[in-house]
Amino acid sequence: MSSGDGHQSQALTKPPFTEVQASALVESVFGLKVSKILPLPSYDDQNFHVCISRAKDTTDGPSDYVLKISNTESSKNPDLVEVQSHIIMFLRVAGFPTASVCRTKGDNITSLVSVDSGSEVKNYLVRLLTYLPGRPIAEIPISPQLLYEIGKLAAKLDKTLEKFHHPKLSCLHRENFLWNLKSVPLLEKHLPALGQNRNREIVRQVIQLFKDEVMTKLSHFRECINHGDLNDHNILIESSKPAFGDAVYQVSGILDFDDMSYGYYVFEVAITIMYMMIESKTPIQVGGHVLAGFESIIPLTPVERGALFLLVCGRFCQSLVIAAYSCQLYPENEEYLMITAKTGWKHLQQMFDMGQKAVEEIWFETAKSYASGISI
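What this report covers is the structure whose coordinates are included nearby.

## Section: the overall build of the protein chain
Each helix and strand in the protein chain was counted, giving ten helices and ten strands. Residue burial in the protein chain is summarised as follows: out of 376 residues, 55% are buried. Taking the intrachain contacts of the protein chain between residues at least 6 apart in sequence as the baseline, contacts between residues at least 24 apart amount to 74%. Total accessible area on the protein chain is roughly 16,500 Å²; 52% of this is exposed by carbon and sulfur atoms.

Shown next as structure tokens:
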């Protein structure tokens, strides 16, 4: 769900490609013949599910792909997209269920496509990834065990990326990137998008607490590369039905590496907790299960644990404020932009009303129960 680096939202242009134009891109850039193409929902880029037709004598390789066309602002930063693509490939080799990145006819992993709209020429970065099977976890009732596994996955991902090297890796230090949790104070300029109501007042209070109690402790957090968007639509699962009992779910895909940036371990677990709360009928209980999974790989320090509540609140604020602001820019995409808002405001208000101490008690007791072998 990226929204460009810095305050570039006004300058973003979501790609305007039709299905026919997107098919032509796949054929001209990647040399594949398209048999079917369908648009996929997206925040401010454009994605298509592409099925290719094969020659009768070939059955090798995948037949389903995702064409990703970056918005104009992201397309100005090909180094960042290149690093993200290499991370996807690195994680796949390391055993994570990420897509394969397809090469262009010129043996590159991206292609810059220019479109003359009459008044100006706009450039769009184009990539093709293999299509991953599975359903987003947003579509199933999520169990404590699956929450634990997702927490574990988030930690393993960050830990594995400690070994990733690339000559352009420094571009993941994305200054003023709105979706990095460090950028919560930058939400102030977008508060008018909320109108005058209790939601706005809660966000204002979270921002102030964030400045006082999180920004002052950043030097005590352990730095790492964050995926930054492990939401309930970016994690795919497949089920296996045992002879007895309920279906067992396994993660079959990790999507959308566009929000990657340097952050901290505690950022990743906070972001994951927040997104796992969205569809939950018992949202306050979620954090403990995710935290237990994460800490089975990377235990948090007391300072990091102490910041967790405000970091989760901060991510709610980011998601809700940026969505409200983006709806003013792209009203035609409101249904997708407001996915989090359907339950997000309610969950943020509940957390805020309960207070840090009460919420932490639930999270930390639940996490502790896993350590003692009795999960709640």
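Right, picking up where we left off after that structure.
## Notes on the sheet that holds strand β8 (residues 235-240)
The three strands lie next to each other as β6-β8-β9, forming an open sheet whose pairing is antiparallel. Each edge of the open sheet carries a strand with a single partner, namely β6 (135-136) and β9 (248-254). Pairing between β8 and β9: six bridges, direction antiparallel. Opposite Leu-236, over in β9, you have Gly-253 as the bridge partner.

## Topic: the sheet that holds strand β1 (residues 34-40)
The five strands lie next to each other as β1-β2-β3-β5-β4, forming an open sheet whose pairing is antiparallel. Strands at the two margins of the open sheet, each flanked by one partner only, are β1 and β4 (111-116). On average, adjacent strands in this sheet sit at an angle of 30° to one another, irrespective of strand direction. Together, β1, β2 (46-52), β3 (64-69), β4 and β5 (121-130) form the strand contacts of helix α1 (residues 19-30), whose direction differs from that of β1 by roughly 125°.

## A short note on the pattern of salt bridges
For the structure shown, the criterion picks out 14 salt bridges. A salt bridge links Arg-198 to Asp-353; its shortest N-O distance comes to 2.6 Å. Of this pair, Arg-198 sits in helix α4 (residues 198-213) while Asp-353 sits in helix α9 (residues 341-354); the two residues are 155 residues apart in sequence, bridging distant segments of the chain. Owing to a relative accessible area of 41%, Arg-198 belongs among the partly exposed residues under this scheme. A salt bridge links Glu-201 to Arg-204, with the nearest nitrogen and oxygen atoms 2.7 Å apart. Placement of both Glu-201 and Arg-204 in helix α4 is noted, with a separation of three residues, approximately one turn of the helix. The partly exposed category is assigned to Glu-201, whose relative accessible area is 33%. Its relative accessible area of 42% is what places Arg-204 among the partly exposed residues. Where salt bridges share partners, they join Lys-68, Arg-127 and Asp-258 into one cluster.

## Observations regarding unusual backbone geometry
In the Ramachandran plot, Asp-107 falls in the positive-phi region, its phi being about 65° despite a non-glycine side chain. Take Asp-107: it is sitting in the loop between α2 (78-93) and β4.

Rules of the game
- Residues numbered from 1 in each chain as written.
- Predicted model: local features only at pLDDT ≥ 70, side-chain atom pairs only at ≥ 80, totals over all residues.
- Heavy atoms only, no water.
- Helix = DSSP H or I, 4+ residues; strand = E, 2+ residues; numbered from the N terminus.
- Buried < 20%, exposed > 50% of the residue type's maximum accessible area, 1.4 Å probe, protein only.
- Contact = heavy atoms within 4.5 Å.
- Areas by Shrake-Rupley, 256 points an atom, 1.4 Å probe, with all protein chains shown as cover.
- Pairing = 2+ DSSP bridges.
- Axes fitted to C-alpha atoms, helices over the stretch in contact; angles between N-to-C directions.
- Salt bridge = Lys/Arg side-chain N within 4 Å of Asp/Glu carboxyl O.

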